[in-house]
Amino acid sequence: MSEHQGYMKALKCRECGREYPLTATHVCEFDFGPLEVAYDYDRIKKSLTKAAIQSRPKTMWRYRELLPVANDPTVGLQVGFTPLVKADRLARKLGIRELWIKNDTVNYPTLSFKDRVVSVALSRSRELGFDTVACASTGNLANSVAAQAASAGLKSYVFIPSDLEQGKILNSLIYGARVIGIKGHYDEVNRLCAEIAGKFGWAFVNVNMRPYYAEGSKSMAYEIAEQSGWRIPRHTVVPMASGSLLTKIQKGYQEFVKLGLVPETKYSVHGAQATGCSPISVAQKAGLDFFKPVKPNTIAKSLAIGTPADGFYALRVMRDTQAAADDVTDDEIRDAIKLLAETEGIFAETAGGVTVGVAKKLIASGKIPRDDSAVLCVTGNGLKTLDAVDGYVGKPREIKPSLREFEALLANEEKVNA
Amino acid sequence: MPKKVRIPTPLRKLTNNEELVEVNAATVGEAIVELQTRFPGIQERLVDEKGEVRRFVNVYVNEEDIRFLKNKQTPLKDGDEISIIPAIAGG
């Protein structure tokens, strides 16, 4: 074990187990299987105790041994440890005994769970000597790469579908990132970026840096477990785009069990998609272990990946944890965004509407029993997808600056509500 | 009639670092066989023991995923461009 690898051992193919050095590479040369970071858990166990974790700052980096950097992180030191909110009012509406929201709408610095993965990817990119970082993105990842690259003095290129929400486009441009809009959907952006990544010597966070990048998602699971009082919640509901977050949440829970930080208890990790892009949930409901790619058509653009790279693994996690998946329509997504906002004061983006909407369905159908407890992963902020709810939340009523007009308005309202 | 195949980085060791290779095949399946005769070993990287395209390999003809076309039976015409691309994470 050389010191400069930290607690990492190698990159390992998830399909055939072949090992590769810890460089910027993401695919097995033999079967194209994704590479994943392998760790030295025996060493980690000696260092990462509950007491050690609790003595550290409240950020995702308090679990540093389980994140793939060789040395101390240098980008995104304040990311993570977002609130786990007890959602009693929403629980009553959905008819479940106990409900919690893991609220990544307030993650630092760009208000989505992507801050976690980017913090890891850019810290590791620097260790490997890159000065330019890039990504293919449905919006949130672009925002986080742009912001965190700016803070680290790295040059950034972000590639997005050109029809993204205006908020997400401005939220990348403001940081001085080079934003390239591709006339096509995310799967086409992805294909182009795979070709670009092979040609230029950049750190593409979700292409050649993907093994490191994806590990950042585990921090959400560690935080949920710690904030739940060092135990794994019985049910976790996770939105699925590529399916990566869902698989990494399970990996995070498994690692905590392996390290003895939480007791081994039964848990289910359920998946949520939008009906307009539901290759994984359709396959899960049909009992298949493979999916059919689709062309996305949904307001949940951050989840609009028709060829989900981790779809196979997400299906396996749901099967192994006896979990369910479901999907919701655009109208159900908007209703769920409003419901979460009106009951808990949390304004989520469309992906959050997907998670809450699907949780509602799973509770109604008994797949999440009403006397159980569930955590919903709400991964992005509604201020970035205002277009999705514009025209669906009413309008302010305008009056002259006159007390008489206001009293008339109130009287009218009482009549309506009577 | 030549068609072009874009070789992804992980496979270029087999093609002597050639990025763009010309083939004469009439379908995607035949193109893979033709690549194998010129670059031994490339076929097993792309298809599994049952002869199906591996699940982490995406093949595109003129930027369209062959799973939306006729998979390995997808016909090729003069000037078509085939891309072979590993699956990528979300964003």
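As shown above, the structure is provided for reference.
Nothing here was measured: the structure is a model prediction, and the numbers come from that model. (Residues numbered from 1 in each chain as written. Chains lettered and ligands numbered in written order. Predicted model: local features only at pLDDT ≥ 70, side-chain atom pairs only at ≥ 80, totals over all residues.)

What about the overall build of chain A?
- When its secondary structure is counted, chain A shows 16 helices and 13 strands.
- In terms of overall dimensions, chain A is globule-like: its C-alpha atoms have a radius of gyration of 22 Å, near the 22 Å expected for 418 residues.
- Viewed in the frame of its principal axes, chain A has a C-alpha envelope of about 75 × 45 × 45 Å.
- Classification of the 418 residues of chain A by burial places 56% in the buried group.
- Summarising the internal contacts of chain A: among those between residues at least 6 apart in sequence, 70% fall at separations of at least 24. (Helix = DSSP H or I, 4+ residues; strand = E, 2+ residues; numbered from the N terminus. Rg over C-alpha atoms; globule rule 2.2 N^0.38 Å. Buried ≥ 20, exposed ≤ 12 C-beta atoms within 10 Å, placed from the backbone. Contact = placed C-beta atoms within 7 Å.)

Things to note about the interface of chain A and chain B
- The partner chain B presents 22 residues to the 34 residues of chain A that form the contact.
- Listing elements by their share of the side of chain A that touches chain B, those giving two or more residues are β6 (132–136), α7 (186–199) and α8 (210–215) of chain A.
- For the side of chain A that touches chain B, the leading source of residues is α7(A), giving seven residues.
- Taken together, the residues that form the side of chain A that touches chain B break down as 18 nonpolar, nine polar and seven charged. (Nonpolar A, V, L, I, M, F, W, Y, C, P; charged D, E, K, R; others polar.)

Quick word on the pairing of β6(A)
- Most of β6(A) is tucked away, with four of its five residues classed as buried.
- At this point the chain moves from β6(A), through helix α5 (residues 140–152) of chain A, to the parallel strand β7 (residues 155–161) of chain A, and the crossover so formed is right-handed. (Right-handed = clockwise from strand over helix to strand, strands pointing away.)

Quick look at the pairing of strand β3 (residues 57–61) of chain B
All names here are of chain B.
- Within β3, five of the five residues are buried, which leaves the element mostly enclosed by the surrounding structure.
- With burial as the criterion, each face of β3 is covered, one bearing V57, V59 and V61 and the other bearing N58 and Y60.
- Summarising the sheet, β3 and strand β5 (residues 81–86) pair through five bridges and their orientation is antiparallel. Opposite Y60, over in β5, you have S83 as the bridge partner.
- Examined bridge by bridge, β3 and strand β4 (residues 64–65) share two bridges and lie antiparallel to one another. By the bridge assignment, V61 is partnered in β4 with E64.
- Adjacent in sequence and paired antiparallel, β3 and β4 are bridged by two residues, among which N62 carries a positive phi angle near 50°. (Pairing = 2+ DSSP bridges.)

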